Amino acid sequence: MGARLAENHCESAIRDCPGTCGTDAPVATERANRTQRGVATSDLIVSAHVGENAELFAQLMGLHIPAGARVADVTFAAGKFWKSIAPGTYELHASDLVLSTKSREPLVEYHDGVDCRELPYADGSMDCVVLDPPYMEGFFRRLTSQQAGSGTYSAFRRAYSTGTGEQRPDQPKWHDAVTDLYLRAGIEAHRVLRRGGHVVVKCQDEVSANKQRLTHIEIVTAYEDLGFYCKDVFVLVRRNKPGVSRLVKQVHARKNHSYFLVFQLPVGKAKMPVSVREAKTLAETIARERKTTKPVASKDSSAVKEA
Ligand SMILES: C[S@@+](CC[C@H](N)C(=O)[O-])C[C@H]1O[C@@H](n2cnc3c(N)ncnc32)[C@H](O)[C@@H]1O
């Protein structure tokens with residue numbers, strides 16, 4: 001299918017772009033010749049969007065995934081993400097634990113009953129994987145009315161359960177169950193993607209057990225550890241105002257936004273930027289340095305006292 005990566009160049013500002021414009025750097029030959037190309041425009045795909053999943057999904061796919069690419073949407077459900085993309089734009093493989101789509105599109109290949117942690121695709125066979133698992137904890141509460149999604153994610157619960165709807169004791173719980181699925185699905189996406197391939201991840205942060213859990217950051221750091229480069233981040237803000245039925249005291253800001261994260265597998269041996277992970281080591285180094293310099297400091301202060 002010859003799917004090549006779409007490259008955008010910041011051609012309107014070849015000399016001056018500090019690299020923050022959001023477009024890729026110009027290639028060396030262009031820089032050497034100081035070729036000025038392109039047009040001034042504000043018609044750009046931006047990182048924050050107010051509206052629906054399908055609108056933003058179509059934009060980010062258009063930006064990052066070239067037409068004709070082989071795409072596996074591994075949590076396809078009803079395929080709502082694809083509503084604004086013309087059928088046939090991609091070679092789409094749609095799978096889910098339970099496909100809930102009513103009609104079957106002839107240009108899509110469907111695989112029902114497939115766990116995104118164990119895909120039926122060969123190693124390196126996909127250009128893109130799309131992942132949108134349930135992103136709220138609370139799938140294992142006893143009462144359906146108290147379960148995340150009011151119990152609508154029964155397939156997810158079953159996949160993690162003993163068969164009775166109870167969670168298997170060896171499985172992570174609550175929010176950790178959510179991140180565990182993202183991580184395992186990420187490992188499987190890594191296997192089926194070709195080098196240079198992308199994984200598009202939908203997620204939302206959540207307050208779980210009264211603790212703020214920044215799911216998108218947890219996913220970014222975990223996927224970086226798997227060897228993915230976090231190439232883009234999109235924030236989706238919902239149009240309608242969220243409400244709660246019984247508010248006693250508000251503790252955290254009510255979330256009205258979610259994320260699309262775009263990761264890429266590096267092609268060659270290029271060094272990928274990764275998030276800073278040095279704070280603990282740095283704090284320990286500083287503490288050690290302070291410890292070794294402390295006696296000197298106390299000697300000085302007693303000297304000052306005596307004087
Ligand atoms: C938020 S919905 C996805 C919605 C979908 N993106 C759409 O546009 O319609 C989450 C889906 O993940 C599926 N799911 C949950 N756990 C899964 C797993 N381990 N493997 C595959 N699909 C899973 C659920 O069955 C559910 O359909």
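Our structure's up above, just so we're on the same page.
What counts, and where the lines are drawn
- Residues numbered from 1 in each chain as written.
- Predicted model: local features only at pLDDT ≥ 70, side-chain atom pairs only at ≥ 80, totals over all residues.
- Heavy atoms only, no water.
- Helix = DSSP H or I, 4+ residues; strand = E, 2+ residues; numbered from the N terminus.
- Buried < 20%, exposed > 50% of the residue type's maximum accessible area, 1.4 Å probe, protein only.
- Contact = heavy atoms within 4.5 Å.
- Areas by Shrake-Rupley, 256 points an atom, 1.4 Å probe, with all protein chains shown as cover.
- Pairing = 2+ DSSP bridges.
- Axes fitted to C-alpha atoms, helices over the stretch in contact; angles between N-to-C directions.
- Near = heavy atom within 4 Å.
- Polar contact = N/O pair within 3.5 Å; in protein donor to acceptor, adjacent residues only side chain to side chain.
- Nonpolar A, V, L, I, M, F, W, Y, C, P; charged D, E, K, R; others polar.
- Salt bridge = Lys/Arg side-chain N within 4 Å of Asp/Glu carboxyl O.
- Phe/Tyr/Trp six-rings, centres within 6.5 Å; stacked < 30°, edge-to-face > 60°.
- Lys NZ or Arg CZ within 6 Å of the ring centre and 35° of its normal.
- Core = buried A, V, L, I, M, F, W, Y, C linked by side-chain atoms within 4.5 Å.

## Thoughts on the overall build of the protein chain
Here comes step 1: Across its full length, the protein chain holds 6 helices and 10 strands.
Here comes step 2: Counting across all 307 residues of the protein chain, residues that qualify as buried make up 36%.
Here comes step 3: Contacts in the protein chain between residues far apart in sequence, at least 24 positions, make up 65% of those at least 6 positions apart.
Here comes step 4: When the accessible surface of the protein chain is totalled, it reaches about 18400 Å², and 53% of it is carbon and sulfur.

## Remarks on the sheet that holds strand 4 (residues 108–112)
Here comes step 1: Across the sheet, 8 strands lie side by side as 1-9-10-6-5-2-3-4; this open sheet has mixed pairing. If you trace the sheet from one side to the other, it starts and ends with strand 1 (48–50) and strand 4, each paired once. When strand polarity is set aside, the average angle formed by the axes of neighbouring strands in this sheet is 15°.
Here comes step 2: Of the pairings in the sheet, the one linking strand 6 (residues 193–203) to strand 10 (residues 257–264) comprises 6 bridges and is antiparallel in character. Counted as the bridge partner of V200 is V262 from strand 10.
Here comes step 3: Helix 4 (residues 174–192) contacts strand 5 (126–131) and strand 6 of the sheet and is inclined by roughly 155° relative to strand 6.

## Regarding the site of the ligand
Here comes step 1: Taken together, 20 residues sit near the ligand, with K80, F81, D96, C116 and D132 positioned nearest.
Here comes step 2: At a separation of 3.3 Å, an oxygen atom of the ligand approaches a polar backbone atom of G79.
Here comes step 3: Between the ligand and the protein, one listed contact pairs an oxygen atom with a backbone N or O atom of F81 at 2.9 Å.
Here comes step 4: Per-class residue counts for the shell around the ligand are 13 nonpolar, 2 polar and 5 charged.

## Regarding the pattern of salt bridges
Here comes step 1: Under the criterion given, the structure shown has 13 salt bridges.
Here comes step 2: Between R117 and D115 there is a salt bridge whose closest N-O contact spans 2.7 Å.
Here comes step 3: For D180, the salt bridge is made with R184, and the minimal N-O distance between the two is 2.8 Å. One end of the pair is D180 and the other is R184, both in helix 4 and 4 residues apart, which spans about a single turn.
Here comes step 4: On the basis of relative accessibility, which here comes to 44%, the residue R184 falls in the partly exposed class.

## Some details on the packing of aromatic side chains
Here comes step 1: As enumerated under the stated definition, the model contains 9 aromatic pairs in all.
Here comes step 2: Ring centres of F57 and F260 lie 6.0 Å apart, and the angle between their planes is 40°; this geometry places the pair in the tilted category. Here F57 is found in helix 2 (residues 53–64), whereas its partner F260 is found in strand 10, with 203 residues between them in sequence.
Here comes step 3: When its relative accessible area of 0% is taken as the criterion, F57 is described as buried.
Here comes step 4: Here the aromatic residues F57, F81, W82, Y90 and F260 are joined through ring pairs into a cluster of three or more.
Here comes step 5: Looking at K202, its charged tip hangs above the ring of F260, at a distance of 5.3 Å from the centre.

## Details of the nonpolar core
Here comes step 1: Core analysis: the largest hydrophobic core is formed by 29 residues, its most contacted members being Y182, V199, V201, Y223 and F263.
Here comes step 2: Among the elements of the structure, strand 5, helix 4, strand 6, helix 5 (215–226) and strand 10 are those that each provide at least two residues to this core.
Here comes step 3: No other element matches the 6 residues that helix 4 contributes to this core.
Here comes step 4: Excluding its chain neighbours within four sequence positions, the residues that come into contact with V199 are V129, A189, L193, Y223, F228, L261, V262 and F263.
Here comes step 5: Ranked by size, the runner-up nonpolar core spans 24 residues in total, among them L56, F76, F81 and L99.

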